[in-house]
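For reference, the chains in residue letters:
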Amino acid sequence: MSTNRNLRMVLFGSVAGICLAAAAGGNAVAGDFREAPGLTERVKAGELPPVEERLPTEPMVMEPLNSIGEYGGTLRRAILGGGDQHNIVRLIGSENLVRWSPDWSTIEPNIAESFTVSDDATTFTFKLRKGMRWSDGVPFTADDIMFWYEVFSDERLTPTKHPNFVGPSGPVTVTRIDDETVEFKFGEPNGLFLQNMAYGFGYYVVNYPKHYLSQFHIEHNPDVGKLVEAEPAAADWMQLFNLKSGPMHTPIFWQNPDRPTLHPWHLSNAYGASARVVAERNPYFWKVDPEGNQLPYIDRITWDQVEDVESIMLKAFNGEIDYMARHIGRPVNLAALTDNKERGKYDFYQVGDIPASQTTIMFNLNNNDPVKNAIVNNVDFRRAISHAVDREEINDIVYLGAGRPVQTAPHPLAPFYKEEWATRDTEFDPELANELLDSIGLDKRDDEGYRLGPDGERFTLVFLIADVFGWQYPDVMELVAGYAKDVGLDFQVRASDRSRLIELVSSAEHDAYIWNCPGGLVDAYANPDCYLPRGQAVFWAPNWAAWGADPATGEEPPENIKKLFDIYQGVTSTADPQMQEKALVELIDAASEQLLTVGLIQSEGAFGIARTNLRNYADPMPIAGQLWTPAPYTAQFYFEGGDNLP
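What you see is a predicted model, and the numbers here were worked out from it, not measured in a lab.

A.B. asks: Tell me about the overall build of the protein, and name the residues and values.
C.D. replies: Tallying secondary structure elements over the protein gives 22 helices and 26 strands in all. A compact globule built from 646 residues should have a C-alpha radius of gyration of about 26 Å, and the protein, at 25 Å, falls within 12% of that. Its C-alpha atoms put the protein at 80 × 60 × 55 Å along the principal axes. Sorting the 646 residues of the protein into buried and exposed places 59% on the buried side. Taking the contacts inside the protein whose residues are at least 6 apart along the sequence as the reference set, 73% of them involve residues at least 24 apart. For the protein, the accessible area works out to roughly 23,900 Å², and carbon and sulfur atoms hold 49% of it. Between the centroid of the 53 positive side chains of the protein and the centroid of its 92 negative side chains there is a distance of 3 Å.

A.B. asks: Let's hear about the sheet that holds strand β14 (residues 300-306): which residues, and what values?
C.D. replies: An order of β2-β14-β12-β11 is seen for the four strands of this open sheet, with the pairing classed as mixed. Looking at which strands have only one partner, the edges of the open sheet turn out to be β2 (74-80) and β11 (265-267). The average undirected angle you get between the axes of adjacent strands in this sheet is 25°. In this structure, β2 lies alongside β14, joined through seven bridges in parallel fashion. Residue pairing across strands places Leu 75 opposite Ile 301, the latter belonging to β14.

A.B. asks: With reference to specific residues and values, describe the pairing of β14.
C.D. replies: Taken across its seven residues, β14 has five buried, putting it largely inside the fold. Alignment of strand β12 (residues 276-281) against β14, held across five bridges, turns out to be antiparallel. Bridge pairing in β14 places Arg 276 opposite Asp 304.

A.B. asks: Could you give an account of the pattern of salt bridges, with specific residues and numbers?
C.D. replies: Pairing between side chains of opposite charge can happen when the charged atoms of each approach one another. Scanning the entire structure with this criterion turns up 29 salt bridges. The shortest N-O distance in the salt bridge between Asp 154 and Arg 156 comes to 2.8 Å. Using a relative accessible area of 13% as the deciding quantity, one classes Asp 154 as buried. Exposure remark for Arg 156: the relative accessible area of 40% places this residue in the partly exposed category. With a shortest N-O distance of 3.1 Å, Arg 383 and Asp 380 are connected by a salt bridge. Placement of both Arg 383 and Asp 380 in helix α14 (residues 379-388) is noted, with a separation of three residues, approximately one turn of the helix. Of the residues examined, Asp 380 reaches a relative accessible area of 24% and is grouped as partly exposed.

A.B. asks: Explain the packing of aromatic side chains residue by residue, including any values.
C.D. replies: Inspection of every chain in the model, using the stated rule, returns 45 aromatic pairs. For the pair Trp 148 and Phe 152, a centre-to-centre distance of 5.0 Å together with 25° between the ring planes defines the contact as stacked. Placement of both Trp 148 and Phe 152 in helix α5 (residues 142-153) is noted, with a separation of four residues, approximately one turn of the helix. Each member of the pair, Trp 148 as well as Phe 152, carries the same accessibility label: buried. Between Phe 186 and Phe 193, the ring centres sit 5.0 Å apart and the planes meet at 65°, which makes this aromatic pair edge-to-face. As far as the burial class goes, Phe 186 and Phe 193 line up, both buried. Taking NZ or CZ as reference, Lys 161 lies 5.2 Å from the ring centre of Phe 152, over its face.

A.B. asks: Please provide a residue-by-residue account of unusual backbone geometry, values included.
C.D. replies: A cis amide bond links Leu 295 with the next residue in sequence, Pro 296, at an omega value of 5°. Relative to the elements of secondary structure, Pro 296 occurs in the loop between β13 (287-288) and β14. Backbone geometry at Lys 345 places phi at a positive 55°, although glycine is not the residue there. For Leu 400, which is not a glycine, the phi torsion comes out positive at approximately 50°. Topologically, Leu 400 is positioned in the loop between α15 (391-397) and β18 (403-405).

A.B. asks: Tell me about empty space enclosed by the protein, residues and numbers included.
C.D. replies: With the rule as written, the count across this model stands at three cavities of 30 Å³ or more. Roughly 150 Å³ of internal volume is contained in the largest cavity. In this structure, the largest cavity is lined by 14 residues; those nearest its centre are His 162, Phe 201, Asn 527, Asp 529 and Gln 626.

A.B. asks: Report on the nonpolar core, specifying residues and quantitative values.
C.D. replies: Within the largest apolar cluster, 180 residues are counted, with the highest numbers of intra-cluster contacts made by Leu 97, Phe 126, Phe 184, Phe 363 and Phe 381. In this structure Phe 381 touches Phe 363, Ile 375, Val 376, Leu 437, Ile 440, Leu 442, Phe 459, Leu 461 and Leu 489, once residues within four positions along its chain are discounted. In this structure, Met 313, Tyr 346, Phe 348 and Ile 609 belong to the second largest nonpolar core, which totals 16 residues.

A.B. asks: If you had to explain the environment of Glu 63 to someone new, which residues and values would you point to?
C.D. replies: Considering the arrangement of structural elements, one finds Glu 63 in the loop between β1 (60-61) and β2. Take Glu 63: its relative accessible area is 56%, and that puts it in the exposed class. Between the alpha carbons of Glu 63 and Tyr 633 there is a distance of 9.8 Å; along the sequence they are 570 residues apart. Among residues more than four places away in sequence, those in contact with Glu 63 are Pro 290 and Gln 636.

A.B. asks: Tell me about the side chain of Arg 382, and name the residues and values.
C.D. replies: Within the fold, Arg 382 resides in helix α14. As a buried residue without a salt bridge, Arg 382 has its nearest oppositely charged side chain in Asp 380, at a separation of 8.8 Å. A distance of 3.5 Å separates the side chain of Arg 382 from the backbone oxygen of Asn 377, its partner in a polar contact. Dropping the residues within four chain positions of it, Arg 382 is found in contact with Phe 363, Leu 365, Val 376, Asn 377, Gln 594, Leu 595, Leu 596 and Val 598.

Rules used in this analysis
- Residues numbered from 1 in each chain as written.
- Predicted model: local features only at pLDDT ≥ 70, side-chain atom pairs only at ≥ 80, totals over all residues.
- Heavy atoms only, no water.
- Helix = DSSP H or I, 4+ residues; strand = E, 2+ residues; numbered from the N terminus.
- Rg over C-alpha atoms; globule rule 2.2 N^0.38 Å.
- Buried < 20%, exposed > 50% of the residue type's maximum accessible area, 1.4 Å probe, protein only.
- Contact = heavy atoms within 4.5 Å.
- Areas by Shrake-Rupley, 256 points an atom, 1.4 Å probe, with all protein chains shown as cover.
- Lys, Arg positive; Asp, Glu negative; His and termini not counted.
- Charge placed at Lys NZ, Arg CZ, Asp CG, Glu CD.
- Pairing = 2+ DSSP bridges.
- Axes fitted to C-alpha atoms, helices over the stretch in contact; angles between N-to-C directions.
- Salt bridge = Lys/Arg side-chain N within 4 Å of Asp/Glu carboxyl O.
- Phe/Tyr/Trp six-rings, centres within 6.5 Å; stacked < 30°, edge-to-face > 60°.
- Lys NZ or Arg CZ within 6 Å of the ring centre and 35° of its normal.
- 1 Å grid on protein atoms, 1.4 Å probe; cavity = no way out; pocket = protein on both sides within 12 Å on 5 of 7 lines; lining within 4 Å.
- Points joined across faces, edges and corners; volume = space filled by probe spheres on them.
- Core = buried A, V, L, I, M, F, W, Y, C linked by side-chain atoms within 4.5 Å.
- Polar contact = N/O pair within 3.5 Å; in protein donor to acceptor, adjacent residues only side chain to side chain.

Here is the structure:
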């Protein structure tokens, strides 16, 4: 594995380096445009217009990480069934108006040719690329963004607004200036808006092709009822629209190959419909290299659907995986993957995935059961659990010593790190755990030694775990359940398909969940999901998160939680990096004292494997929170020699 000396720069770029305005750049190309040989054949056959007519007037010029590439080849991966759609999202699904630079230090134009920001950080204007097209050849214009805004503003289709587009005074206002210009305006400063637009969930505004999706909208197609009748899964036009326009981070999006896209590849079949998912190159992709070669270099990407991680490992050993870290890049697999390097024809690369906590106990603080809710909302209960678990043993057994036993907190390499956050209540002390549990009224036990709740019944919590990452969470929960039993608590574990699991936890129909927490690096500014209930993946307090997005919905939180929202306003209401950091530190201080989640292990980064002749991939690959990498850079991947090795 590489030990790139630029790891610190790549992973921990200063927020102060973010560009708050950018002129059109990266658009100068010498000579004529060129295309993949397969596209040339289609042009000759009359199936496509010439490459010059398929590209925007000013295409985005993508500087290669290492070298100009070669056309050809199929990038092979594997995917699990059910809820593994991020396997696709993170590889080909992150083309937003703006993007982070490859070293994660500045924000650059992307789909937008340029952007400007008002001095008070309330108004953001994006200039689009003239002549840009969807994957089916239809022009992409400001009207597509306005169609998203129409859907976003419609309570029937978007009752809950994504926090990226909502400020304290209400949702963003989007205005069409002309065919290539749109303005996003907030009622107050939004100093993190550009960051949020460069992260994964910035995709919303540029993924609603009006010419395609409007046919499923009653305001645009009065005859939509006929389409509803033809779709058994839809009871009305709203369900039909949601089926066709489902968010990219859900399986629904990737089960509709008819939906046009702006990504470098588009699906030719639906995820889950067959044993192999295939994505073909987008002939209208709007990026080129400095020599005028239209991207992407690689012809297609395939994902073989398998049942378990062991099957992915076997594919890697047999040379059937060309680029992958997901599922297999964990310490326990390193020895076996190292032994099979030559046979599998791959090398290793680093993955700088450092969350606030790789494995986090998340009690549902919005539990529908009043007895359970009262107990888990007592901070001394959460402190007791934190002292009951043996993090060192978890690290040794599950992570083979590759992690750091910590609380949910920023990593030491984050510029605002505090040791007290990382070490709070992390000492393994079952005696103290028992004292704390006794002190909050769980001092009576049944004949089997389990604690009784105030209702006289055994106090039992059911933990949900996602089967999509079958290796770590079940192993960790087996140990956690044992530690809980040692202090008289009955923790049950239930594995579930991730799609069903997300439905349960999003509606607060669960006792507890084990997952990871973002916010280990500078992503804490835009993704503080474990420091306050903000976002769509707040599994520990989904009802409070809904309230935070819209006070008319969800459940009004207590004053200590409301205070967190107030503190976070200090981060979002200014574009001054020093003021933002001051407010963020105050937020993490307050969240740490409340022990909102119980962090167990923090990753020190992971690894992936790449075909020995694959070029132009980042090493290390930056990733944290909602930085959906390597998707912004995969268009420049290529195989030296034009194809996979035999």
